[in-house]
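# A closer look at the structure
Each chain is listed here by its residues.
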Amino acid sequence: MSIHDEHPFATSRELRDPVRRLRGHLPAPVTVWASASAGRRDGWTISSVLVGEGQPAELVALVDEDCDWWDLFRSTGAAMVNVLAQGQGRVADAFARVAPSPGGPFRTGVWTGTDVRTGPGGGSSYGPRLEGAAAWLGVRLVDAAPPHAGWGLLVRATIESLELADDIEALGHRYGRYS
């Protein structure tokens with residue numbers, strides 16, 4: 001038996017999709033979008049995220065339309081976007097459903113119920129909030145039937161609340177590794 005630096009079942013470089021390899025060259029943020037309604041909560045790890053400044057500011061994300069969280073987000077129209085911090089890669093893996101999390105992904109990390117929005121439209125829940133994250137954004141879905149962009153849905157959400165933890169460095173992802 002020998003020890004190798006690479007995964008034994010990884011696709012060889014020459015057979016890998018060049019667009020996927022390009023995506024790996026670009027540093028990406030690591031976020032968990034979480035929603036809750038009527039005792040149900042769910043979330044999904046999303047790294048294809050873009051911030052659009054303006055009034056209102058928006059987040060644009062590529063979302064897997066087959067993930068269970070998308071149905072919950074679409075029905076509630078609200079999510080808490082947790083920008084993960086250094087050391088929270090295990091949380092990202094649990095919500096991406098690529099690592100085990102006995103009892104569900106919310107058993108990985110420390111989560112508080114929800115943030116409650118006040119102001120026009122009354123109070124409504126954005127979703128679960130991860131303690132120790134680098135930032136938290138309460139967002140509202142712009143269009144429940146977004147267009148496709150590649151294999152994902154091109155989802156737009158307005159940013160209604162934003163809290164930054166200035167002393168915590170955000171987690172990044174590049175070349176299949178957290179940084």
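Just so you know, these numbers come straight off a predicted model, no measurement behind them. Position numbers for residues count from 1 along each chain, tracking the sequence in the order it is written. Under the rules for a predicted model, residues below a pLDDT of 70 receive no local features and side-chain atom pairs below 80 are neither given nor counted, while totals for whole chains, interfaces and linings still include all residues. Water and hydrogen atoms were dropped before computing side-chain values, which therefore reflect all heavy atoms in the structure.

## Examining the sheet that holds strand β1 (residues 28-29)
Each strand in a sheet pairs with another by means of backbone hydrogen bonds, the pair being arranged parallel or else antiparallel. Here is the rule we go by: We treat two strands as partners when DSSP finds at least two bridges between them. Each helix is a run of H or I in the DSSP string that is no shorter than four residues. Each strand is a run of E no shorter than two, and both are numbered from the N terminus.
Strands sit in the order β1-β14-β15 across an open sheet of three strands; the sheet is antiparallel. The sheet is open, and its two edges are formed by β1 and β15 (177-178), each paired on a single side. In this structure, β1 lies alongside strand β14 (residues 172-174), joined through two bridges in antiparallel fashion. When the sheet's bridge partners are listed, A28 is paired in β14 with H173.

## Quick word on the layout of surface pockets
To keep things clear, this is the line we draw: A 1.4 Å probe that fits into a set of points on a 1 Å grid over the protein atoms alone but cannot get out defines a cavity; an open set with protein on both sides within 12 Å along at least five of seven lines defines a pocket, and lining residues are those with an atom within 4 Å of a point. Grid points are joined across faces, edges and corners, and a volume is the space filled by probe spheres set on the points. Polarity classes work like this: nonpolar for Ala, Val, Leu, Ile, Met, Phe, Trp, Tyr, Cys and Pro, charged for Asp, Glu, Lys and Arg, and polar for all others, with Gly in that last group.
Of the pockets and cavities examined, the largest pocket occupies roughly 1,900 Å³. Forming the walls of the largest pocket are 42 residues, and the residues nearest its centre are R20, R23, G24, H173 and G176. Every element with two or more residues in the lining of the largest pocket is listed here: α1 (18-25), β3 (40-46), β4 (49-52), β5 (58-63), α3 (89-95), β14 and β15. Ranked by residue count, the leading element in the lining of the largest pocket is α1, at seven residues. Its residues assigned to classes, the lining of the largest pocket shows 20 nonpolar, ten polar and twelve charged. Estimated volume of the second largest pocket: approximately 180 Å³. In this structure, the second largest pocket is lined by 14 residues; those nearest its centre are V51, L59, V83, A135 and L137. Going through the elements one at a time, β4, β6 (78-83), β11 (135-141) and β13 (152-164) are the ones with two or more residues in the lining of the second largest pocket. For the lining of the second largest pocket, the leading source of residues is β13, giving three residues.

## Brief notes about unusual backbone geometry
At the junction of Q55 and P56, the peptide bond is cis and its omega measures out at 5° in the coordinates. Following the sequence through the fold, P56 ends up in the loop between β4 and β5. A positive phi angle, near 55°, is found at Y175, a position not held by glycine. By the secondary structure assignment, Y175 is in the loop between β14 and β15.

## Observations concerning the confidence of the model for the chain
Detailed reading of the predicted model is not advised wherever pLDDT is low. Threshold: pLDDT measures the predictor's confidence residue by residue and takes values from 0 up to 100. Pairs of residues are marked as contacts when any of their non-hydrogen atoms sit within 4.5 Å.
Residues of the chain with pLDDT of at least 70 account for 88%, and the chain-wide mean is 89. Between residues 115-123, whose pLDDT stays under 50, and residues either more than four places distant or in other chains, the model counts 14 contacts.

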